[in-house]
Amino acid sequence: MRPTSGRTVTLAATQMACGWDREANVAGVERLVRQAAARGAQIILPQELFETPYFCKDQKQDLFALAHPVEDHPVIARMSALARELSVVIPTSFFERARNAYYNSLAMIDADGSVLGVYRKSHIPDGPGYQEKFYFSPGDTGFQVYKTRYATVGCAICWDQWFPETARAMALKGAEVLLYPTAIGSEPQDSSLDSQAHWTRVMQGHAGANLMPLVASNRVGREQGETCAITFYGSSFIAGPTGELVEQADRESETVLTASFDLDRIAAQRASWGVFRDRRPELYGPLMTLDGETPVRR
């Protein structure tokens, strides 16, 4: 989608492989952010937990040592300096320690290097190769929307992207752009299962249902754990406000994608289409239950 007038923002998705050289991983993300900024990107989304391999393949207590508090997290400090230097927004995924709690978190770093807030992943998966419940508590921040220098953005993390409620909540809170850093690939329990197309279509639906651009950034490469291996399928993409694929990476290559959108024109389109005008919140009580009937006790 090429903007013609109004308030324009250029978004970027990145993808790369990660190893156990943590400095090399962070340097790789910095290199891709610089490439995206050189192409005019203003909001640049790296992938989920890029400091290390995706360590949730196995349950290993020594890996809790990878976590740091927000205040002294070295990756946040480095991305903040980079954001300030380049005047770009960098939503930064990290492993957070908060006293005796651990979270899969994201710091929203604005274009002046300031941290606007921290989102803690709400939906925590648990399955072969993706054993996140061992490491992370369910997020307690609720869904977050941030007014950055260039746009108001909603950013959730990986498994959150499968839940339409997440995208709609961020849209209702004023998001103009939806962002999802991700780590997803093969399924160790079933080598014939390939979720890439399903994964893409679900998020295209979020973009189309909420009439706003969406960016998903995944990793690539084969990562070997102690109990299994995962081949991450990349395919990072940028979708437009009707769910159309504007740009998509392949399954293997280190990549930077960029696309520009006229946010004012999209806002007018969103208003005129009527899906927010015609919502019926009083009928949506079943969404507050697990079985469609019984209220969830708080």
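Look up a bit, the structure's there.
Residues numbered from 1 in each chain as written. Predicted model: local features only at pLDDT ≥ 70, side-chain atom pairs only at ≥ 80, totals over all residues. Heavy atoms only, no water.

Caption draft 1: View of the overall build of the protein. Broken down by element type, the protein carries five helices and 16 strands. Scaling as 2.2 N^0.38, a compact globule of 298 residues should have a C-alpha radius of gyration of about 19 Å, and the protein matches this with 18 Å. Projected onto the principal axes, the alpha-carbon positions of the protein cover approximately 55 × 50 × 40 Å. Going through the 298 residues of the protein one by one, you find that 54% of them count as buried. Here the analysis covers contacts within the protein between residues at least 6 apart in sequence; of these, 70% occur between residues at least 24 apart. For the protein, the accessible surface area stands at approximately 13,100 Å², while carbon and sulfur atoms represent 51% of it. Positive and negative side-chain charges in the protein, numbering 30 and 35 respectively, have mean positions lying 5 Å apart. (Helix = DSSP H or I, 4+ residues; strand = E, 2+ residues; numbered from the N terminus. Rg over C-alpha atoms; globule rule 2.2 N^0.38 Å. Buried < 20%, exposed > 50% of the residue type's maximum accessible area, 1.4 Å probe, protein only. Contact = heavy atoms within 4.5 Å. Areas by Shrake-Rupley, 256 points an atom, 1.4 Å probe, with all protein chains shown as cover. Lys, Arg positive; Asp, Glu negative; His and termini not counted. Charge placed at Lys NZ, Arg CZ, Asp CG, Glu CD.)

Caption draft 2: Summary view of the sheet that holds strand β3 (residues 90-98). The strand order across the open sheet built from three strands is β3-β4-β5, with neighbouring strands paired in antiparallel fashion. Each having just a single partner strand, β3 and β5 (115-120) make up the two edges of the open sheet. For this sheet the average axis-to-axis angle between neighbouring strands, irrespective of direction, equals 30°. Inspection of the sheet shows β3 paired to strand β4 (residues 101-109) by nine bridges, in the antiparallel sense. Bridged to isoleucine 90 within β4 is isoleucine 109. (Pairing = 2+ DSSP bridges. Axes fitted to C-alpha atoms, helices over the stretch in contact; angles between N-to-C directions.)

Caption draft 3: Structural context of the pattern of salt bridges. By the definition in use, this model includes 18 salt bridges. The partner of arginine 7 in a salt bridge is aspartate 264, and the shortest N-O contact between them spans 3.4 Å. With arginine 7 in the segment before β1 (8-15) and aspartate 264 in helix α5 (residues 263-273), this pair connects stretches of sequence that are 257 residues apart. Between glutamate 223 and arginine 219 there is a salt bridge whose closest N-O contact spans 2.8 Å. Just as glutamate 223 is buried, arginine 219 falls in that class too. Taken together, the shared-partner salt bridges in this structure form one network comprising Glu23, Glu30, Arg34, Arg78 and Glu85. (Salt bridge = Lys/Arg side-chain N within 4 Å of Asp/Glu carboxyl O.)

Caption draft 4: Just the packing of aromatic side chains, in detail. For the structure shown, the criterion picks out 16 aromatic pairs. With a centroid separation of 6.0 Å and 75° between ring planes, the pair formed by tyrosine 54 and phenylalanine 232 is classed as edge-to-face. Taken together, the residues span a long stretch of sequence, with tyrosine 54 in the loop between β2 (43-45) and α2 (74-86) and phenylalanine 232 in strand β13 (residues 229-233) at a distance of 178 residues. As far as burial versus exposure is concerned, tyrosine 54 and phenylalanine 232 are alike and both buried. For the ring pair phenylalanine 95 and phenylalanine 136, a centre distance of 5.3 Å and an interplane angle of 90° mean the geometry is edge-to-face. Residue phenylalanine 95 is found in strand β3, and its partner phenylalanine 136 is found in the loop between β7 (130-131) and β8 (145-147); the two are separated by 41 residues along the sequence. Side by side, phenylalanine 95 and phenylalanine 136 carry an identical accessibility label, which is buried. A connected cluster of aromatic rings, assembled from ring pairs, spans Phe55, Phe64, Phe95, Tyr102, Phe134, Tyr135 and Phe136. Taking NZ or CZ as reference, arginine 168 lies 4.9 Å from the ring centre of phenylalanine 276, over its face. Taking the ring centre of phenylalanine 232 as reference, the NZ or CZ of arginine 219 above it sits at 5.5 Å. (Phe/Tyr/Trp six-rings, centres within 6.5 Å; stacked < 30°, edge-to-face > 60°. Lys NZ or Arg CZ within 6 Å of the ring centre and 35° of its normal.)

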